[in-house]
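Chain by chain, the residues:
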Amino acid sequence: MGTFQSLNVGLSGVLASQSALMTVGHNLSNMNTEGFSRQRVVLQANQPLRIANLQYGQGVNLNQVQRVHDEYVQQSLRTAITKGGQYEANYMAYNEIEMLFNETEGMGLGYSLTQFWDSWHDLANAPTDTSQEAASKRSTVIESANFLINTIQGTYQQLNDLQAQYTGRVDSMVNDVNSQLQSLATLNTQIAKTSAHGNPAHDLLDQRDMILNKLAEYIDIKVDIDPQGQATVFFDGKTLVDRDYAAKLINKRTGEFSSELLFESTSGHTSKITNFSNNGQIGAYMEMRDKTIPGYIEKLDDLSRTIIEEVNKVHANGMVTKPFGAVSSQYSVENSRTPLNDNTPFQIQNGSFQLKVFDPAGGELQTFEIRINEGDSLRQIAMKLDQADGVAEGGLFSASINADNQLEIRGNNGNTFVLYNDTSNALTAIGLNTFFKGHDAKSIGVNNYVAEDTTRLATSFSGEPGDNRNANLIAELRNAKVMGGMTIGENYNHFVSKIGMDVRINIDSLETTQLIRFQIEVKRESISGVNENEELTNMLKFQRSFEASSRFITTIDRLLDNIVNRMGV
């Protein structure tokens, strides 16, 4: 082996050490770069030189620069990210929902319900129906009812607003998903080109994994990695990315508070995403919008319906202070000839109600009992009323169906009348002599004629001054077990507790998922992360190697100088 060949041995050491130092520097420079996987050099001895029976080493070769990475750990991390995305979205949504039912500030639905019952209790204790105090307390009942109604409808509207917000968030996330899919397809192309030329694409692969992690926050993806490092992404059995091909998702609006997720291929063909779970933020928000919030709205509707029905049933049994000259039912029907129970939200039963007629001077003329059968239509009830005094379309009063398919009763010749003692629920079902109108959280309101004239409050059984027995019965509804063995207030508190429990369960799930994700990230960091002490140790090691190889070259250079310049005659 010649002296000149020794220079190549030293040079290989210098070049290998220099490359290793560059890799160490690259690692240290990206120590705080999110998603970066550390790299390491693999050094290999060159093929030896054979001379006779001897072998002479030919120095070192930089075999490759490896990306330190565990794909199984990366897949586990994506799974944890997807579950975490679900629970994080749920956490935000539940916090927003819980705020709507916050009773700690004294302004919640529970507080307004208490104020409503208290106002009826105060009215029941008023000295007479004609006193100034009673008039003031009647107004307070209307005010407290409007406060309750505003709270219910405000909560209902805010729940609808959240549904609309979640659709908007899904819109934004779908746009981000599509952008990430396109970026991944572009990156696949770059990875393929780099790998085809025999160059490592380590930093591109790190960018690929970051995009996949971002996608995993939104949707539950499945990923295949080919030998070149290109990623193929699947969602609900459909291919979102394959090499340089990128499909896209569409959040198609199907209603005011609804949408459906569609897959669109590059050819423009669309199909519905049907089998995705609520994993990921997109699924979580759609689940909240389409199932969770509608469930809460249903509970709010049930509560509102019960308040309306129970108060109206008691109110319809009492007498108003000021008789009606004419009145129309608050509810209209689609068909006045079909059974009322097929047309109204509240059901009638076999029973009766009474109608008492007064002359223009206020003298009592006659009381009529109107018999009701559960299969009666609105038109049949109108006919029974109109014929009760024996004179159809005349007599003391008349009843008919108006153009809006409402029952209308009118006193004839200046006569007035009151309705009371309803055992058939007919007055509640059609909205006569009732306090509330509507049938759910959206439609609840104070009956028009009560809101306009508080003397239409049916506080008594007899209509006599000082008889506030019916007002007292309405106040006592506070304690009535009318909702599955619970009072209205207890049912609402149970509802609020259920929301709190849902929040707590989600928080526990979020914390568990965050812990799992943290453990996986720690494991990934131990494998792929940059350890500053380890890199500094490597830097010193390769620095010493560089210096030693340089010194070896210097030594060989001196030998050559002696041979060339100092040997001879």
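Up top is the structure these notes are about.
My aim in this report is to walk through the structure given alongside it, one point at a time. (Residues numbered from 1 in each chain as written. Predicted model: local features only at pLDDT ≥ 70, side-chain atom pairs only at ≥ 80, totals over all residues. Heavy atoms only, no water.)

Within the open sheet, the 4 strands sit side by side as 5-6-7-8. Their pairing is antiparallel. The open sheet has two edge strands, strand 5 (222–225) and strand 8 (245–246), and neither has a second partner. As defined by bridge partners, strand 5 adjoins strand 6 (residues 231–235) across 4 bridges and the pair is classed as antiparallel. Across the sheet, isoleucine 225 pairs through a bridge with alanine 231, a residue of strand 6. Lying on the sheet, helix 4 (residues 132–196) is in contact with strand 6, strand 7 (238–242) and strand 8; it crosses strand 7 at an angle near 50 degrees. (Pairing = 2+ DSSP bridges. Helix = DSSP H or I, 4+ residues; strand = E, 2+ residues; numbered from the N terminus. Contact = heavy atoms within 4.5 Å. Axes fitted to C-alpha atoms, helices over the stretch in contact; angles between N-to-C directions.)

Attention now goes to the pairing of strand 14 (residues 364–372). Working note: regular strand, side chains alternate between the two faces of the sheet. With 8 bridges connecting them, strand 13 (residues 351–358) and strand 14 associate as antiparallel partners. Its bridge partner lying in strand 14, phenylalanine 353 is registered against isoleucine 370. As consecutive antiparallel partners, strand 13 and strand 14 are separated by 5 residues, and within that stretch glycine 362 has a phi angle of approximately 100 degrees, a positive value.

Counting 129 residues, the largest nonpolar core has Trp120, Ile282, Leu385, Leu407, Ile409, Phe435 and Phe436 as the members making the most contacts within it. In terms of residue count, the dominant contributor to this core is helix 4 (19 residues). Ignoring sequence-local partners within four residues, the contact set of tryptophan 120 consists of Val141, His315, Phe435, Leu457, Thr459, Ala471, Ile474 and Ala475. (Core = buried A, V, L, I, M, F, W, Y, C linked by side-chain atoms within 4.5 Å. Buried < 20%, exposed > 50% of the residue type's maximum accessible area, 1.4 Å probe, protein only.)

Together, Leu515, Phe518 and Val522 make up an exposed nonpolar region whose accessible area comes to about 290 Å². Its location among the elements puts phenylalanine 518 in helix 11 (residues 488–528). (Patch = residues over 30% accessible without salt bridge, like charges linked within 9 Å, V, L, I, M, F, W, Y side chains within 5 Å. Areas by Shrake-Rupley, 256 points an atom, 1.4 Å probe, with all protein chains shown as cover. Salt bridge = Lys/Arg side-chain N within 4 Å of Asp/Glu carboxyl O.)

Moving on to the sheet that holds strand 15 (residues 397–401). Pairing is antiparallel in the open sheet, where 3 strands are placed in the order 12-16-15. At either margin of the open sheet sits one strand with a lone partner, and together these are strand 12 (326–328) and strand 15. Here the average twist between neighbouring strands, direction ignored, is 10 degrees. Here strand 12 runs beside strand 16 (residues 407–411); their pairing, made up of 3 bridges, is antiparallel.

Next up on the list: the packing of aromatic side chains. Tallied over the entire structure, the rule returns 15 aromatic pairs. A centroid spacing of 4.8 Å and a plane angle of 90 degrees characterise the contact between phenylalanine 435 and phenylalanine 436, whose relative ring orientation is edge-to-face. Overall, phenylalanine 436 belongs to the buried group, its relative accessible area being 0%. In this structure an aromatic cluster arises from ring pairing among Phe116, Trp117, Trp120, Phe435 and Phe436. The ring of phenylalanine 542 has lysine 541 lying over it, and the distance from NZ or CZ to the ring centre is 5.1 Å. (Phe/Tyr/Trp six-rings, centres within 6.5 Å; stacked < 30°, edge-to-face > 60°. Lys NZ or Arg CZ within 6 Å of the ring centre and 35° of its normal.)

Glancing now at the side chain of glutamine 281. Looking at the secondary structure, you find glutamine 281 in helix 6 (residues 280–315). Overall, the relative accessible area of 14% leaves glutamine 281 in the buried class. Contact partners of glutamine 281, with chain neighbours within four places excluded, come to Gly85, Gln86, Glu88, Ala89, Met173, Glu217 and Tyr218.

A few words on unusual backbone geometry. Only a minority of non-glycine residues have a phi that is not negative, and only a minority of peptide bonds are not trans. Even without glycine at this site, asparagine 425 takes up a positive phi of about 65 degrees. Mapped onto the secondary structure, asparagine 425 falls in the loop between strand 17 (416–420) and helix 8 (426–430). With a relative accessible area of 12%, asparagine 425 lands in the buried category. Unlike most non-glycine residues, asparagine 433 shows phi in positive territory, near 60 degrees. For asparagine 433, a relative accessible area of 1% translates into the label buried.

With that out of the way, let us pick up the pairing of strand 15. Most of strand 15 sits out of view: 4 of its 5 residues are buried. For strand 15 and strand 16, the ladder comprises 5 bridges, and the chain directions are antiparallel. Directly across from isoleucine 401, in strand 16, lies its bridge partner leucine 407. Where strand 15 folds back onto strand 16 in an antiparallel hairpin, the turn is made up of 5 residues, including asparagine 405, whose phi is positive at roughly 60 degrees.

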